[in-house]
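# Structural description and commentary
As a plain string of letters, each chain reads:
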Amino acid sequence: MYLIFYDIEENRLRKKVADKLLYYGYTRMQYSVFGGVMNPELFGFWQQLRNLVYDNAQNKIYCLKISTESFENMKTIGIFECDKSYMTGKKKTWVI
């Protein structure tokens, strides 16, 4: 399980990064926080993200690998609108 989150000021670039994360199967958890099971090192995905933000040192993208168990045991306040089983790859369809 991977969490990818970013700090990007430019709207257009932020949208490109978000679209790429969605394309690779990540689920949006917050405006700039995504979760998914695909290793970002595969298929040159991490390099694609790096190429998008390379020209501005102010842009930041972080990737955190966490265990599925840790993610499933995450505590939340408020409504967590994402399906944890879907995000961890345990089921293939998302139930709302």
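Okay, so let's go over this structure. Note that the coordinates shown come from a computational prediction; the quantities given were computed from them, not determined experimentally.

## Comments concerning the overall build of the protein chain
In terms of helices and strands, the protein chain carries four helices and four strands. Across the protein chain, helices and strands are ordered from the amino to the carboxyl terminus as β-α-β-β-α-β-α-α. Relative to the 2.2 N^0.38 estimate, which gives 12 Å for 96 residues, the radius of gyration of the protein chain is 14 Å and therefore close to what a compact globule would have. Over its C-alpha atoms, taken along the principal directions, the protein chain stretches across nearly 35 × 30 × 20 Å. By residue count, 32% of the 96 residues in the protein chain fall in the buried class.

## Focus: the pairing of strand β1 (residues 2-7)
Two strands pair when backbone bridges link them, and β1 and strand β3 (residues 33-36) are joined in this way by four bridges, in the antiparallel orientation. Counterpart to phenylalanine 5 in the pairing with β3 is valine 33.

## Focus: helix α1 (residues 11-23)
Its 13 residues give α1 an end-to-end C-alpha distance of 18 Å, which sits within 8% of 18 Å, the value for a rise of 1.5 Å per residue. Where α1 is concerned, the buried positions are Leu13, Val17, Ala18 and Leu21. Around the axis of α1, the buried residues are gathered within 135° of arc, so they sit on the same side. Seen from the open side of α1, the exposed residues pointing more than 90 degrees away from its buried face are Asn11, Arg12 and Tyr23.

## Here's the deal with the pattern of salt bridges
All chains considered together, the criterion is met by one salt bridge. Where lysine 15 meets aspartate 19, a salt bridge forms, and the shortest distance between an N and an O atom there is 2.8 Å. Here lysine 15 pairs with aspartate 19, and both are found in helix α1, just four residues apart, close to one helical turn. Overall, lysine 15 belongs to the partly exposed group, its relative accessible area being 49%. Using a relative accessible area of 36% as the deciding quantity, one classes aspartate 19 as partly exposed.

Cut-offs applied
Residues numbered from 1 in each chain as written. Predicted model: local features only at pLDDT ≥ 70, side-chain atom pairs only at ≥ 80, totals over all residues. Heavy atoms only, no water. Helix = DSSP H or I, 4+ residues; strand = E, 2+ residues; numbered from the N terminus. Rg over C-alpha atoms; globule rule 2.2 N^0.38 Å. Buried < 20%, exposed > 50% of the residue type's maximum accessible area, 1.4 Å probe, protein only. Pairing = 2+ DSSP bridges. Expected span 1.5 Å × (residues − 1). Arc of directions from axis to C-beta. Salt bridge = Lys/Arg side-chain N within 4 Å of Asp/Glu carboxyl O.

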